[in-house]
Structure formats: structure tokens, C-alpha cells
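# Coordinate analysis (summary)
One-letter residues, chain by chain:
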Amino acid sequence: MRAISLSDIGKNRDMNQDFVFSSSQPVGNLPNLFVVADGMGGHNAGEYASQKAVEVIVKYAFESGDTNCATILRKAIKEANSSLLAVSESDNTMQGMGTTIVAAFCDKDKATIVNVGDSRMYHVKEDAVVQVTKDHSLVQEMVRKGEIDKQEAKVHPSKNIITRAVGVQSEVTADFFEVEIKAGQKILLCSDGLTNMLGEKELAEILLDKETSIDNQAQRLIEKANENGGEDNISVIIIDPFDEGE
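Definitions and limits used
- Residues numbered from 1 in each chain as written.
- Predicted model: local features only at pLDDT ≥ 70, side-chain atom pairs only at ≥ 80, totals over all residues.
- Heavy atoms only, no water.
- Helix = DSSP H or I, 4+ residues; strand = E, 2+ residues; numbered from the N terminus.
- Expected span 1.5 Å × (residues − 1).
- Buried < 20%, exposed > 50% of the residue type's maximum accessible area, 1.4 Å probe, protein only.
- Contact = heavy atoms within 4.5 Å.
- Pairing = 2+ DSSP bridges.
- Axes fitted to C-alpha atoms, helices over the stretch in contact; angles between N-to-C directions.
- Polar contact = N/O pair within 3.5 Å; in protein donor to acceptor, adjacent residues only side chain to side chain.
- Parallel < 35°, antiparallel > 145°, perpendicular 65-115°, else oblique.
- Left-handed = near helix turned anticlockwise from the far one by under 90°.
- Nonpolar A, V, L, I, M, F, W, Y, C, P; charged D, E, K, R; others polar.

## A look at helix α7 (residues 214-227)
- Its 14 residues place the ends of α7 20 Å apart at the C-alpha level, agreeing with the 20 Å of an ideal helix rising 1.5 Å per residue.
- Of the positions making up α7, those classed as buried are I214, Q217, A218, L221, I222, A225 and N226.
- Contacts from the buried residues of α7 go to β1 (2-8), β9 (186-190), α5 (192-195), α6 (200-207) and β10 (234-240).
- One or two positions beyond α7, positive phi appears at G229, with a value near 135°.

## Points about the sheet that holds β9
- Strand order across the open sheet formed by five strands is β1-β10-β9-β6-β7, with antiparallel pairing between neighbours. The sheet is open, and its two edges are formed by β1 and β7 (129-131), each paired on a single side. Averaged over all neighbouring strand pairs, the angle between strand axes comes to 20°, with direction disregarded.
- Note that β1 and β10 share seven bridges and pair antiparallel.

## Examining the sheet that holds strand β2 (residues 18-23)
- Ordered by their spatial adjacency, five strands build an open sheet running β2-β3-β4-β5-β8, and the pairing between neighbours is antiparallel. Each of the sheet's edge strands pairs with one partner strand only, and the pair in question is β2 and β8 (175-180). Taking the axes of each pair of neighbouring strands and ignoring which way they run, one obtains an average angle of 10° across the sheet.
- Direction of pairing for strand β4 (residues 98-107) relative to strand β5 (residues 110-116): antiparallel, over a ladder of seven bridges. When the bridges of β5 are listed, C106 appears paired with A111.
- The sheet strands contacting helix α1 (residues 45-63) are β2, β3 (33-40) and β4, and the helix crosses β3 at an angle near 155°.

## Topic: the side chain of S88
- Looking at the secondary structure, you find S88 in helix α2 (residues 69-90).
- Residue classification places S88 among the buried residues on the basis of a relative accessible area of 10%.
- At a separation of 3.4 Å, a polar atom in the side chain of S88 contacts the main-chain carbonyl oxygen of M94.
- Dropping the residues within four chain positions of it, S88 is found in contact with M94, Q95, G96 and M97.

## Details of the pairing of β5
- In terms of burial, β5 is largely enclosed, as six of its seven residues are buried.
- Here β5 runs beside β8; their pairing, made up of six bridges, is antiparallel. Counterpart to K110 in the pairing with β8 is E180.

## Examining unusual backbone geometry
- At K108, a position not held by glycine, the phi torsion is positive, near 60°.
- Along the chain, the position of K108 falls in the loop between β4 and β5.

## Thoughts on the packing of α6 against α7
- Direction vectors running N to C along α6 and α7 enclose 150°, while the axes themselves pass 9 Å from each other. By the criterion of interaxial angle, the relationship of α6 to α7 is roughly antiparallel. In this structure, the crossing between α6 and α7 has a hand that is right-handed. Here α6 contributes E202, L203, I206 and L207 to the contact with α7, which in turn contributes Q217, R220, L221 and K224.
- Among the residues making up the contact of α6 with α7, the classes are represented as four nonpolar, one polar and three charged.

These figures capture arrangement, not role.
Here is the structure:
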């Protein structure tokens, strides 16, 4: 397995509220673990929320005695939610903070993905890049209801309003997905700072280039997002489960 993770402040923000974690080695009973978190909140709250949530998830995974990996992630996210809420309730400067989470682990030829919010996972196949996660956002709810189409969603004034996040309410529900991964295929985890700046064709053009390493693909994604405006922090993790170089 080989993975590359990058996070960039972008061109219009004064701090990076994204946080990433990448381990191709076991994390407790998880065979590996990859996480992208995109924090929200004023001042330092968003930056704190994303980092704290990831730290709690990783710590829980290391210490959990559960043998079911999906159960570990489910409970870890609930633990992160409770932790952020406790801080938010005790510190006025942190009120209203929260974070998205998209996390994945790979076991042989299967990837398990969990998400809360609008950070995404894509399955990079031989000839297509397929979004697997479903955004928990206001405009995506409108798309699903047929009120607007995908093109309208990309420019909608409420496109950044998310309907589900870690650390906002007493209970959090994460969506889980399982994807069969074959040799030659990859996984992309990313924050919306990437997907709001790149269209599907641009994503595919970079990720389907078989002559380019995943390191260079990740760098190119960051560069392209910044070339297109870099309006938000940009985080990416690309995972090749069948690369024996690591």
C-alpha cells in the first residue's frame, strides 16, 4: 500500500482549518487509517475542531478492543463528537465549532468509508472517477429532491451550508460505504476546497493519468485548485492499496 497526503491553506484564507491523518500501517485493530477533516467556526475554533476530532478518532482506534473495524470508526466518531461538544460548552470562544469527517481504511480488496459533512471520497477506477460519499449539505439535499441540478449546485449561494457535522449536536450519524478495490484503482479523500475549485473533468484528467505517480497527482490537484481561485483550504489523500512500494 502507498498513500500521499497534502494540505494547503489556499489563496484566500489566513489559516488552514483542514486537518489530515494518514497511516498505511495498523492503527490499533484497524489495518490502516486515513482521515480528512474540514473545520468550521470563528477565530481558531475551526482549526481546533478538525485537529481535535482527528486526534480523538485516532486515539480511540489505537485503544479500542473492538475487532469489528466499522464499529471502531463509528464509536470513534461519536467520541469525537462528544469531545468537541464538551469543549464548545465550556469555552465561549469555541461555541458553534464543528468539523466534517471523511475517513477510510482498506482491508485486502475492500475499502470502508465513513463520512459526516461534505468532505468526499472518490473511487478512482481505470477509466472513471466516481464519487462514493454523499454530501450532507443544503444544496445536495436540493439536488436529491430534484429542486436544482448539479450545475446549479456548484454556484448556489448556499453551497457551503452543511446539514451534518461532528461536534454540533448531541448525536451524530455517520454514513458508511464499502467499495471493492481492484489492482490499478485508487481512493481519493478530499475537503470541499478541492471539489469546489475543480470540476469532474479536471479531477478525472489528473487522477486517470497513469503516467503520473500519486505524489505528483496530489500536488497537481492542489496546484489546480489554487489556479482556479483557491478560495478555501485544500486537502487531499490519495491511496493505492495495491502499490507494493511502501
